[in-house]
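# Observations on chain architecture
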Amino acid sequence: MSMYGRDPWGGPLEINAADSATDDDRSRTLQDLDRAALSRPLDETQQSWLLGPSEQKKKKKYVDLGCIIVSRKIFVWTVGTLVVSAVLAGLITLIVKTVPRHHHGKPPPDNYTLALHKALMFFNAQRSGKLPKHNNVSWRGNSCLRDGKSDPGTTMKDLVGGYYDAGDAIKFNFPASFAMTMLSWSVIEYSAKYEAAGELNHVKEIIKWGTDYLLKTFNNSADTIDKIAAQVGVGDTSGGSTTPNDHYCWMRPEDIDYPRPVYECHSCSDLAAEMAAALAAASIVFKDNKAYSQKLVHGARTVFQFARDQRGRYSAGGSDPALFYNSSSYWDEFVWGGAWLYYATGNSSYLQLATHPKLAKHAGAFWGGPDYGVLSWDNKLAGAQVLLSRLRLFLSPGYPYEEILRTFHNQTSIVMCSFLPVFTSFNRTKGGLIQLNHGRPQPLQYVVNAAFLAALYSDYLDAADTPGWYCGPNFYSTDVLREFAKTQMDYILGKNPRKMSYVVGFGNHYPKHVHHRGASIPKNKIRYNCKGGWKWRDSKKPNPNTLVGAMVAGPDKHDGFHDVRTNYNYTEPTLAGNAGLVAALVALSGDKSTGIDKNTIFSAVPPMFPTPPPPPAPWKP
């Protein structure tokens, strides 16, 4: 597919002939007029002045205006009309100025903007550590202030802060890093929309709370490291274990008194490369804060090097993370982390890595498979392909990257086709929800990520003056992608068979029994111990605290939903799910004419001077 850019000059190169007279021409014309004036016979006025008073003449029927002579009647009428018009215009202006005006206020915010305000609040409710004064969630307080210190086995003694993952109090760094990467990406592309919604400072604070914590999970001042803290707290209750932990107990995080072990890893390429992506993307968000941005870039380089040197999955060998966030491979994180580091540093070695055909092959770029094109906390490939297609659309780096970038661009087009209802790559429920995880539980986290990618890619094409893309022989306009994103988000916000909004606090009908410890236990100065909180878990009453903005796991494949606290497959929200929600909402919010920010992501990228391809082999007869 060929892309045509806009004419850089933006206008016809014509010279206006009407104003092309030179100064010489003008002065010549003036001299001609002077000569004409001298040779003209004297008129009556001049004669009377020179020759003295003549006899009184009759009143004249004409008025001499110097250049023309007009009828006196017409002259009087014309002057009279002008005077009356001037008086009328003055009166009208006076009336308009003095009569009170009704100002047309701004149009009311759209649903996506309203939901965006709420979706961001979820992150305030998930904060761990010492809370800022303006956290705005009345039922939350400081919690887990001994994370790191309370585990004698770890060398990292300060792991206070960060975010709880879901309805429990575990800090899983793998999905949390992905959540921060997604939020940063959405800010880089749509900072003007965040600004218009009055949420730019808030979302940047949310990202910084996450990246400050990630910087604590390894030695961020070193150039090389040999371990990362991957998780704080455990949740394994298999085999009927009754040891108090973050899944066995049902307690407010503020009341936790049981030990919270730290899980360290020494070969965790997937986690380290995702952390590198999060820190690199955030460094672009904070590029105006030079010291912090450089600290993030240094951290990103360090953990990415560790990811490349110490190969291995962070969740290998039946570790605790494997039970909850088991990573399937680390190749997709290499492409994703490499792409973000290239944007953050402009260092072409990262681009060479991200566009290496072998890496792409290992990450599954050339193979379909049932989950192809589904962006999630485990698989970043679809996101990486969109991110690198951006480079081709706007900078065209050419050889030696062009071949793989064209492949990524084509694959992105195929993924976008798979989202459209005319194709059957994914089923839809009767209510219209796309089944990206093939009918398995907790579908919404995948849907919001797809809605974000579709809206974003449609904005990329618009910014590149490209009206659409091909699916096989058929051409589809960018509007079709936006429409897909809207229908999916509208479903989540309440346009579904149950008329249920799956974002807590949005609309009138939303889940009231969210699977969440802090929201389900009242803040009433009573400290419920590990098992004491079970009565709140099992209660049929709605949560005493509203977890504003939380997107729950979602309906089943028949559009059914059970608002039951003990069934996390329906009612549990997650950090990664809400990050995708925020990204999709901001992409669709506000005015469509406010597209993406084309250039900020390329701030660190040096000008592109494509290397010429090698010459062909010498010809031999």
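Here the structure is a predicted model, which means the values were calculated and not measured.

### Notes on the state of the cysteines
Under the definition given, this model contains three disulfides. One disulfide in the model links cysteine 265 with cysteine 268; its S-S distance is 2.1 Å. Handedness here is read from the sign of the S-S torsion; for cysteine 265 and cysteine 268, about 75°, the answer is right-handed. Grouping residues by exposure puts cysteine 265 and cysteine 268 together as buried. Two residues share a disulfide in this structure: cysteine 417 and cysteine 471, whose sulfurs sit 2.0 Å from each other.

### As for helix H20 (residues 575-588)
The terminal C-alpha atoms of H20, which comprises 14 residues, lie 20 Å apart, in line with the 20 Å expected from a rise of 1.5 Å per residue. Of all 14 residues that make up H20, 14 are buried, and the element is covered over most of its length. Its side-chain oxygen placed 3.0 Å from the backbone nitrogen of glycine 577, threonine 574 serves as the N-cap of H20. Directly after H20, the chain includes glycine 590, whose backbone phi takes a positive value near 65°.

### Quick look at the pattern of salt bridges
A full pass over the atoms with the stated rule returns 19 salt bridges. In this structure, arginine 252 and glutamate 254 form a salt bridge, with 3.6 Å as the shortest nitrogen-oxygen distance. Using a relative accessible area of 8% as the deciding quantity, one classes arginine 252 as buried. A salt bridge links lysine 380 to glutamate 274, with the nearest nitrogen and oxygen atoms 2.8 Å apart.

### Details of the sheet that holds strand E5 (residues 262-265)
Reading across from one edge, E3-E4-E5 is the order of the three strands in this open sheet, with antiparallel pairing throughout. Looking along the sheet, the strands with just one partner apiece sit at the ends: strand E3 (171-172) and E5. As paired strands, strand E4 (residues 228-232) and E5 are joined by four bridges and run antiparallel to one another. In the strand pairing of E5, isoleucine 228 is matched with cysteine 265.

### Some words on the packing of helix H13 (residues 381-394) against helix H14 (residues 402-418)
For the pair H13 and H14, interaxial distance at closest approach is 8 Å and the crossing angle is 120°. Taken together, the axes of H13 and H14 are oblique relative to one another. Our pair here, H13 against H14, has a crossing hand that is left-handed. Residues Gln385, Val386, Leu388, Ser389, Leu391, Arg392 and Leu393 of H13 touch H14, and the partners they reach there are Glu402, Leu405, Arg406, Phe408, His409, Gln411, Thr412 and Met416. Looking at the contact of H13 with H14 residue by residue, the class counts come to seven nonpolar, five polar and three charged.

### Notes on the UniProt feature "active site" (unreviewed entry) in the protein
Residues annotated in UniProt with the feature "active site" (unreviewed entry) correspond here to His515, Asp563 and Glu572. In sequence the annotated residues extend across 58 residues, while in space they remain close, none of their C-alpha pairs exceeding 10.2 Å. Structurally, the position occupied by aspartate 563 is in the loop between helix H18 (534-538) and helix H19 (568-571). Leave out the neighbours within four places in its chain, and aspartate 563 touches Tyr510, Pro511, Lys512, His513 and Thr571. A polar contact of 2.8 Å, which involves the side chain of aspartate 563, links it to the backbone nitrogen of lysine 512.

### Looking at unusual backbone geometry
Residues tyrosine 399 and proline 400 are joined by a peptide bond in cis, for which omega reads 5°. Within the element layout of this structure, proline 400 appears in the loop between H13 and H14. Within the chain, cysteine 144 stands out as a residue other than glycine whose phi angle is a positive 50°. Relative accessible area serves as the criterion here: at 12%, cysteine 144 is assigned to the buried category. Look at serine 396: it is not a glycine, yet its phi comes out positive at around 40°. Checked against the element boundaries, serine 396 lands in the loop between H13 and H14.

### Here's the deal with the packing of aromatic side chains
Two aromatic rings, taken as a pair, are described by how far apart their centres are and by the angle between their planes. On inspection of all chains with the given rule, the structure shows 30 aromatic pairs. Between tyrosine 491 and tyrosine 502, the ring centres sit 6.5 Å apart and the planes meet at 20°, which makes this aromatic pair stacked. With tyrosine 491 in helix H16 (residues 478-492) and tyrosine 502 in the loop between H16 and helix H17 (517-520), this pair connects stretches of sequence that are 11 residues apart. Taking the relative accessible area as the measure of exposure, tyrosine 491 reaches 2% and is therefore buried. Under the relative-accessibility criterion, tyrosine 502 is labelled buried at 0%. Between the aromatic rings of phenylalanine 561 and tyrosine 570, the centroid separation amounts to 5.6 Å while the plane-to-plane angle is 80°, which identifies the pairing as edge-to-face. Looking at phenylalanine 561, the relative accessible area reads 2%, which means it is buried. We classify tyrosine 570 as buried; its relative accessible area is 12%. Aromatic ring contacts, followed pair by pair, group Trp185, Trp336, Trp340, Tyr342, Tyr343, Phe452 and Phe602 into a single cluster. It is lysine 208 that lies over the ring of tyrosine 292; its NZ or CZ is 4.6 Å from the centre. Stacked on the ring of phenylalanine 602, the Lys or Arg arginine 390 has its end atom at 5.1 Å from the ring centre.

Basis of the calculations
Residues numbered from 1 in each chain as written. Predicted model: local features only at pLDDT ≥ 70, side-chain atom pairs only at ≥ 80, totals over all residues. Heavy atoms only, no water. Disulfide = S-S within 2.5 Å. Buried < 20%, exposed > 50% of the residue type's maximum accessible area, 1.4 Å probe, protein only. Helix = DSSP H or I, 4+ residues; strand = E, 2+ residues; numbered from the N terminus. Expected span 1.5 Å × (residues − 1). Polar contact = N/O pair within 3.5 Å; in protein donor to acceptor, adjacent residues only side chain to side chain. Salt bridge = Lys/Arg side-chain N within 4 Å of Asp/Glu carboxyl O. Pairing = 2+ DSSP bridges. Axes fitted to C-alpha atoms, helices over the stretch in contact; angles between N-to-C directions. Parallel < 35°, antiparallel > 145°, perpendicular 65-115°, else oblique. Left-handed = near helix turned anticlockwise from the far one by under 90°. Contact = heavy atoms within 4.5 Å. Nonpolar A, V, L, I, M, F, W, Y, C, P; charged D, E, K, R; others polar. UniProt positions renumbered as here; feature names shortened; annotations may be inferred. Phe/Tyr/Trp six-rings, centres within 6.5 Å; stacked < 30°, edge-to-face > 60°. Lys NZ or Arg CZ within 6 Å of the ring centre and 35° of its normal.

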